[in-house]
Protein chains: 2
Amino acid sequence: MLPKSLTEAIEALGKLPGVGPRTAERYAYYLFRSNPEICNEISNALLNLHSGVKTCPKTFALINGTDEVSSLYTDPARDKQTILVVEEPLDIYAIEQTNEFHGTYHVLGGAISPIDGITPDQLHIKELILRIKNDNAKEIIIATNPSVEGESTALLLQKTLIEKYPELKVTRLARGLPLGVDLSYADQITLSAALENRTSI
Amino acid sequence: MLPKSLTEAIEALGKLPGVGPRTAERYAYYLFRSNPEICNEISNALLNLHSGVKTCPKTFALINGTDEVSSLYTDPARDKQTILVVEEPLDIYAIEQTNEFHGTYHVLGGAISPIDGITPDQLHIKELILRIKNDNAKEIIIATNPSVEGESTALLLQKTLIEKYPELKVTRLARGLPLGVDLSYADQITLSAALENRTSI
């Protein structure tokens, strides 16, 4: 009963993650009422997405389709002996925005999760082990998410790396209070960590 | 630092209503990780959206780009003397799903809202007045939203129509308890209406 093109747009937009039929309806109707330019822009961007983006074979970061290796790796100003390990490519973006890190990155491609069927050998751990040797890495900073999956992955990674390279320094991002969150809202584990790792002022 | 095509997809998807940078990032990354077929599908659907959908010049419902007038209006099985008035085209879809209404529709194109600068003469009220005369309508069912704007629009519409056509029957959708909502969560106005318009069982 709805126009065919509108139904098709609603169905297509409903494939975005977490978008149900009502939200898809709202998106489609909004786009129909807006300048057709917005439809064209989204349309073109999505058509170029797969050809324009690929995974770096060295760091597994996302890179331009025309690049060979991530520029964050090839940049001679960056310290190849310090490798920061993240779960997903977009995590690199978050760290880069701090402007505090000048080493290189390694993307695991997820975290161990028995429920989702993600086992350690599906993560890029072998490639990390090889890189540590080839680049003569001195420090590995584990920056997995502070979730159950991220924690298990961090523990396994630390164990595996130390076994292989007993000399290697393996560190993790600090735990503590995030900015702007009330003390009374912080969970017990975070507060314990904040107390334990207190710094002098 | 992110691949150009990914940044472009994030920016484009960020133009959807209520989608901020984080959500746009999630959408774009999800699409990149999924089958390219999904990108193609969304892309094609959006390219066809504006050419494939237009507004019915009679009822202001959304119709296929190739149609002249809404099939909900031209269908001889539908009663042209009963017109249900809604704010937006998608409201028709909600009413149609009840399978209870066999009259015709008229879309106002919004509701009076001084804050958003929507005045009565921007709504399709003139066209409704003309239709009532041409189709010799007997009943107008006002089905605006139960919001402040919808209520004001309903009141103005009722006043205007009765002035023009004193014989016309003007009705409104009933107020009462919706299915599945606990009595204690219902607001005062809804409860008052439910009590006042109680039905015998």
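Residues numbered from 1 in each chain as written. Chains lettered and ligands numbered in written order. Predicted model: local features only at pLDDT ≥ 70, side-chain atom pairs only at ≥ 80, totals over all residues. Heavy atoms only, no water.

### Things to note about the domain arrangement of chain A
Along its sequence, chain A is carved into domain 1 (4–47) and domain 2 (54–200). Computed over C-alpha atoms, the centres of domain 1 of chain A and domain 2 of chain A are 35 Å apart. (Domains from an automatic or database assignment.)

### Some thoughts on the relation of the copies chain B and chain A
With an axial shift of 0.0 Å and an RMSD of 0.1 Å, the rotation relating chain B to chain A amounts to 180°. Seen this way, the second copy is the image of the first under a two-fold rotation axis. Distance from the rotation axis, computed per C-alpha, reaches its smallest value in chain B at Ser43(B): 2.1 Å. Taken as a fraction of all interface residues of chain B, those also at the interface in chain A reach 100%, which identifies the copy contact as same-surface. (Least-squares fit on C-alpha atoms with pLDDT ≥ 70 in both. Contact = heavy atoms within 4.5 Å.)

### Notes on the packing of helix 1 (residues 4–13) of chain A against helix 2 (residues 21–33) of chain A
Relative placement of two packed helices is described by the angle separating their axes and the distance separating the axes. Residues and elements named next belong to chain A. For the pair helix 1 and helix 2, interaxial distance at closest approach is 8 Å and the crossing angle is 125°. In terms of axis orientation, helix 1 runs oblique to helix 2. Seen along the crossing, helix 1 lies across helix 2 with a hand that is right-handed. For the pair helix 1 and helix 2, contact is made by Leu-6, Ala-9, Ile-10 and Leu-13 and by Pro-21, Ala-24, Glu-25, Tyr-27, Ala-28 and Leu-31, respectively. Split by residue class, the contact of helix 1 with helix 2 holds nine nonpolar, no polar and one charged. (Axes fitted to C-alpha atoms, helices over the stretch in contact; angles between N-to-C directions. Helix = DSSP H or I, 4+ residues; strand = E, 2+ residues; numbered from the N terminus. Parallel < 35°, antiparallel > 145°, perpendicular 65-115°, else oblique. Left-handed = near helix turned anticlockwise from the far one by under 90°. Nonpolar A, V, L, I, M, F, W, Y, C, P; charged D, E, K, R; others polar.)

### As for a nonpolar patch on the surface
On the surface, Leu177(A), Leu183(A) and Leu191(A) cluster together to form a nonpolar patch covering roughly 250 Å² of accessible area. Residue placement: Leu177(A) occurs in the loop between strand 6 (169–172) and helix 8 (188–196). (Patch = residues over 30% accessible without salt bridge, like charges linked within 9 Å, V, L, I, M, F, W, Y side chains within 5 Å. Areas by Shrake-Rupley, 256 points an atom, 1.4 Å probe, with all protein chains shown as cover. Salt bridge = Lys/Arg side-chain N within 4 Å of Asp/Glu carboxyl O.)

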